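Observations on the three-dimensional arrangement
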Protein chains: 2
Amino acid sequence: MSDPQTPGESPVTSTRLSRRALLGATGVGVVAAAAGGAAIGRATAAESPPPQDVIGFRGTRQAGIITAAQDRLHFCAFDVITDDRAALVALLKRWTTAAERMTRGEQTTPDGAVGLGDYTPPADTGEALGLSASKLTLTIGFGPGLFGPTPAFPDARDRFGLGARRPAALTQLPAFPAERLDPDRSYGDICVQACADDPQVAVHAIRNLARMGFGVVSVRWSQLGFGRTSSTTTSQTTPRNMFGFKDGTNNVRAENTDLLERWVWVKPEDNPASAQWLTGGTYLVARRIRMDIEPWDRGNLLEQEQIIGRTKGEGAPLGQDKEFDAPDFNITSKGSPLIPMTAHVRLAHPDQNNGVRLLRRGYNFTDGSDGFGHLDAGLFFLAFCRDIGKQFVPMQTKLATRDALTEYLIPNGAAAFAIPPGLRDGEWWGQHLFEG
Amino acid sequence: MSDPQTPGESPVTSTRLSRRALLGATGVGVVAAAAGGAAIGRATAAESPPPQDVIGFRGTRQAGIITAAQDRLHFCAFDVITDDRAALVALLKRWTTAAERMTRGEQTTPDGAVGLGDYTPPADTGEALGLSASKLTLTIGFGPGLFGPTPAFPDARDRFGLGARRPAALTQLPAFPAERLDPDRSYGDICVQACADDPQVAVHAIRNLARMGFGVVSVRWSQLGFGRTSSTTTSQTTPRNMFGFKDGTNNVRAENTDLLERWVWVKPEDNPASAQWLTGGTYLVARRIRMDIEPWDRGNLLEQEQIIGRTKGEGAPLGQDKEFDAPDFNITSKGSPLIPMTAHVRLAHPDQNNGVRLLRRGYNFTDGSDGFGHLDAGLFFLAFCRDIGKQFVPMQTKLATRDALTEYLIPNGAAAFAIPPGLRDGEWWGQHLFEG
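Residues numbered from 1 in each chain as written. Chains lettered and ligands numbered in written order. Predicted model: local features only at pLDDT ≥ 70, side-chain atom pairs only at ≥ 80, totals over all residues. Heavy atoms only, no water.

What follows covers the nonpolar core. Soluble globular proteins: nonpolar side chains tend toward being buried together. If you look at the biggest cluster of nonpolar residues, it comprises 165 residues, and the most contacted ones within it are Trp95 and Trp429 of chain A together with Trp95 and Trp429 of chain B. Once residues lying within four places of it in the same chain are set aside, the contact partners of Trp95 of chain A are Phe78, Ile140, Ile190, Val192, Leu209, Met212, Gly213, Val217 and Trp429 of chain A. (Core = buried A, V, L, I, M, F, W, Y, C linked by side-chain atoms within 4.5 Å. Buried < 20%, exposed > 50% of the residue type's maximum accessible area, 1.4 Å probe, protein only. Contact = heavy atoms within 4.5 Å.)

In structure tokens, the structure reads:
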């Protein structure tokens, strides 16, 4: 048993009695020192993480969606490798307890890395000891395969009796032109998005969840992101992607409550009675989009700006002065549209997509080199929406066939997940899916 | 031509006249707007990066060795793909100018991402616009293959007439037991270590150097590190590695000037007259060490602590109370050494290695999953020393055969580089190697 923590155990305030103090008292008798009950917490009464470093775990929505986008990401997609529904439920309960603790800057269990005694595997792997909560958020989602056969996996079995609970809009993404999907970077039964300002905190969280899942889930793929490419609140400045352009200027933000209701949060009427567990939740589209940065970097400034439809420095729509000026798609110069018909900003703009919006939350990545002398860099695209088929798919279909930017993009990973609403006190991840 | 910047161009103070201002003045005439000479600098007179964010580029030593270890890393090994010595020298000159600028928080050239005009590829890729210098350091090194045939590459040619200038201790690393070296993660003619507190700044720097090197060098491999595993000054707290243990407690630090002189900086007597260009420099050993974290996480606390030889929480040597207490290798418990004969701390300790020290500067990494349900995580080991053959090799030979930790390590990348001393005003990277 890899993790002896029992489900539903109530959080225990870390004691001030550290293992170090115990060792000090017992001198050299380290082998015999019984450290049961002691803990070296990441957050003790004496050194609580600063309040601004803790994002609340429970609430109407899961944290990590409209939470101000943290700087770093570790995203993980898991395969469920058991048919045992009870084992999966037990894991989800244990995950919930550990996840909530980690978002408070605590170890996975009160005993943590050193407290359970010498002859027990530590319940926390320890590499986040001493680090703050770092605004860690952990956001869970459930993939199509968990609900039985899908078009992409027609042989999947409905292992957990969840077939009737599949949300209406949860399917695998369709194939888009120019994709080169790697199955080892796509799909997954469960996802956990870990965002934090300190990457070690995000990595620690995913690693410990993976570890707790031994025998129940296994890591299908994971992706680190080193820099956010979206702002999700109006207080954040717009970051830049690996093309060097500001990204997400026109993103839906936490303050746009009307847009969130219309385009992000799932409503009762979106699903049959059997899938109401998702009401108040959303869907996540995750795509690993490698950028062909070397050819891009050899393009001239005009070409780059015409592909994007914005200036590179300020990020203003072409023909405008400032980043947040509205684009005017009707301006012409010498008889041609100033914002070309193939410009990314035009094709992705709500005015050109029946008003459709997405809440983007992507990250820049660089994963070493590709073996051909180039960096393997790009955008890990994350977007939340109320209906993948009605929002993301038509927009992406248009972009994939007409967007000039597509020439520089190599999408090689894709996945879709249903993201349940937030947890009330006492609830666990997936409770309304499995018990509802 | 991927980068029109001419070598040796003197830095020009960024003007306050931005491309945005120009666009504002010319209205919709964006296509015609001649932006020559304007720049949107990362650091303008009005918004200089805070002084604590800038690490000086020039000096007796290269920055990035004893500089307080920054939080994030992007390390890149390049192959030189030309036989044209003049082209390589020209690149090194251009690199030096760009590197110095970037460490000041500026773009690669005064013209930068948007200033050279519409019909020119931007001289900076732009993704660091608006970010501070973030304590960026760029440290260059030269690999064995640059100097002609080596045991690992017997067919290499001495393309640049540098054979006589090979430093005495610069060879490929020998094969160690249990290694599984991947050639695509090993070796390299030139390395650049980019360290910064913001990973986007480090990634931007490597990416722009790679871009400038088009046709002269290509990326052989690169590695991101998300968290430092060493302290290099006494002011830094000891970080933790992916085993959850504090790492580098006993590291040589900037304040240990005697140790640095003895074990890190190359002395005149270390090399023949033809290789005096390295005097005052050092050697770098880089190893990608994947950790087998899943089996590790299933080991009990006692086993983990006996493998390391320190307590997990405090990081004290077994039998001691505090992290910085000296280990006592003679203490026994029930007839056995309290710090086992196979413990990492014992085998790596200077007292057990004829006093040999290394300056460690490694980083934690996680590069997605391995395709078998596990995270591909570990330690990117970086260590500086005065003589690889006399310091690193004997220590590593002992560790590889006797260290209990070896069971959990899968070294799959390795490289060695000669790291020249720092630059005086007007000097360029490699000048004394190529001109001396």
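We are not done yet, so read on.
A complete count under the given rule lists 28 aromatic pairs over all chains for this structure. Ring plane angle 45 degrees and centroid distance 4.3 Å describe the contact between Phe243 of chain B and Trp296 of chain B, whose orientation is recorded as tilted. Here Trp296 of chain B lies in helix α5 (residues 293-298) and Phe243 of chain B lies in the loop between β5 (227-228) and α4 (257-263), a separation of 53 residues in the sequence. For the pair Phe243 of chain B and Trp296 of chain B, one class covers both residues: buried. Among the aromatic residues, ring-to-ring pairing joins Phe57, Phe78, Trp95 and Trp429 of chain A into one connected group. Taking the ring centre of Trp265 of chain A as reference, the NZ or CZ of Arg61 of chain A above it sits at 4.2 Å. Positioned over the ring face of Trp263 of chain A is Arg262 of chain A, at 3.9 Å from the centre of the ring. (Phe/Tyr/Trp six-rings, centres within 6.5 Å; stacked < 30°, edge-to-face > 60°. Helix = DSSP H or I, 4+ residues; strand = E, 2+ residues; numbered from the N terminus. Lys NZ or Arg CZ within 6 Å of the ring centre and 35° of its normal.)

A separate point is the relation of the copies chain A and chain B. Note on the identical chains: chain A maps onto chain B by a rotation of 180 degrees and an axial translation of 0.0 Å, with an RMSD of 0.0 Å. The transformation relating the two chain copies, once decomposed into turn and shift, fits a two-fold axis. Judged by C-alpha distance, Asp367 of chain A is the residue of chain A that lies nearest the rotation axis, at 3.3 Å. (Least-squares fit on C-alpha atoms with pLDDT ≥ 70 in both.)

Along the polypeptide, Leu338 of chain B turns up in the loop between β8 (336-337) and α7 (344-348). Sequence-wise, Leu338 of chain B and Asp328 of chain B are 10 residues apart; in three dimensions their C-alpha atoms are separated by 8.8 Å.

Residue and element names in this part refer to chain B. Relative orientation of the contacting elements helix α2 (residues 85-103) and helix α3 (residues 199-212) amounts to 160 degrees, with a least axis distance of 10 Å. The pairing of α2 with α3 is recorded here as roughly antiparallel in orientation. The hand of the α2/α3 crossing is right-handed. Every residue of α3 that contacts α2 at Leu91, Arg94, Trp95, Ala98 and Met102 is listed here: His204, Ala205, Asn208, Leu209 and Met212. (Axes fitted to C-alpha atoms, helices over the stretch in contact; angles between N-to-C directions. Parallel < 35°, antiparallel > 145°, perpendicular 65-115°, else oblique. Left-handed = near helix turned anticlockwise from the far one by under 90°.)

Glancing now at unusual backbone geometry. Residue and element names in this part refer to chain A. Despite not being glycine, Ser134 shows a phi value in the positive range, around 55 degrees. Among the secondary structure elements, Ser134 is positioned in the loop between α2 (85-103) and β2 (137-142). Since its relative accessible area comes to 7%, Ser134 is described here as buried. A positive phi angle, close to 55 degrees, is found at Asn354, a residue other than glycine.

Okay, the pairing of strand β6 (residues 282-291) of chain B next. Residues and elements named next belong to chain B. Extensive coverage of β6 is indicated by the burial of 10 of its 10 residues. Burial of the side chains of β6 extends over both faces: Thr282, Leu284, Ala286, Arg288 and Arg290 are buried on one face and Tyr283, Val285, Arg287, Ile289 and Met291 on the other. Relative to strand β12 (residues 409-419), β6 runs antiparallel, the two sharing 10 bridges. Within β12, the residue paired with Arg290 across the bridge is Ile410. Note: β6 against strand β11 (residues 375-385), 8 bridges, orientation antiparallel. What sits directly across from Arg290, in β11, is Gly378. (Pairing = 2+ DSSP bridges.)

All names here are of chain A. Of all 9 residues in strand β4 (residues 217-225), 9 are buried; the element is thus mostly enclosed. Bridge count for strand β1 (residues 72-80) against β4 is 8 bridges, and the pairing is antiparallel. Bridge pairing in β4 links Val80 to Val217.

A separate point is the UniProt feature "domain: Dyp-type peroxidase C-terminal" (unreviewed entry) in chain A. The UniProt entry lists residues 238-422 of chain A under the feature "domain: Dyp-type peroxidase C-terminal" (unreviewed entry), expressed in the numbering used here. As a span, residues 238-422 of chain A carries 22% helix and 24% strand, and end to end its C-alpha atoms are 27 Å apart. (UniProt positions renumbered as here; feature names shortened; annotations may be inferred.)

So, on to the pattern of salt bridges. All names here are of chain A. In this structure the tally under the stated criterion is 56 salt bridges over all chains. Note that Arg72 and Asp71 form a salt bridge whose closest N and O atoms lie 4.0 Å from each other. Accessibility expressed as a relative area gives 9% for Arg72, which makes it buried. Residue Asp387 is joined to Lys390 by a salt bridge in which the shortest nitrogen-to-oxygen separation is 4.0 Å. Look at the salt bridges and you will find they share partners, linking Arg185, Arg288, Arg290, Asp367, Asp370 and Asp376 into a network. (Salt bridge = Lys/Arg side-chain N within 4 Å of Asp/Glu carboxyl O.)

Residue and element names in this part refer to chain A. Among the structural elements, Arg357 can be located in the loop between α7 (344-348) and β9 (359-360). Although Arg357 is buried, it forms no salt bridge, and the closest oppositely charged side chain is Asp351 at an N-O distance of 7.5 Å. Discounting chain neighbours no more than four positions away, the residues touching Arg357 are Asn250, Asn251, Val252, Leu259, Trp263, Pro350 and Gln391. (Lys, Arg positive; Asp, Glu negative; His and termini not counted.)

Looking now at helix α3 (residues 199-212) of chain A. Taking 1.5 Å of rise per residue, 14 residues should cover 20 Å, and α3 of chain A covers 20 Å from first to last C-alpha, within 8% of that figure. The backbone nitrogen of Gln200 of chain A lies 2.8 Å from a side-chain oxygen of the residue at the head of α3 of chain A, namely Asp198 of chain A. (Expected span 1.5 Å × (residues − 1). Polar contact = N/O pair within 3.5 Å; in protein donor to acceptor, adjacent residues only side chain to side chain.)

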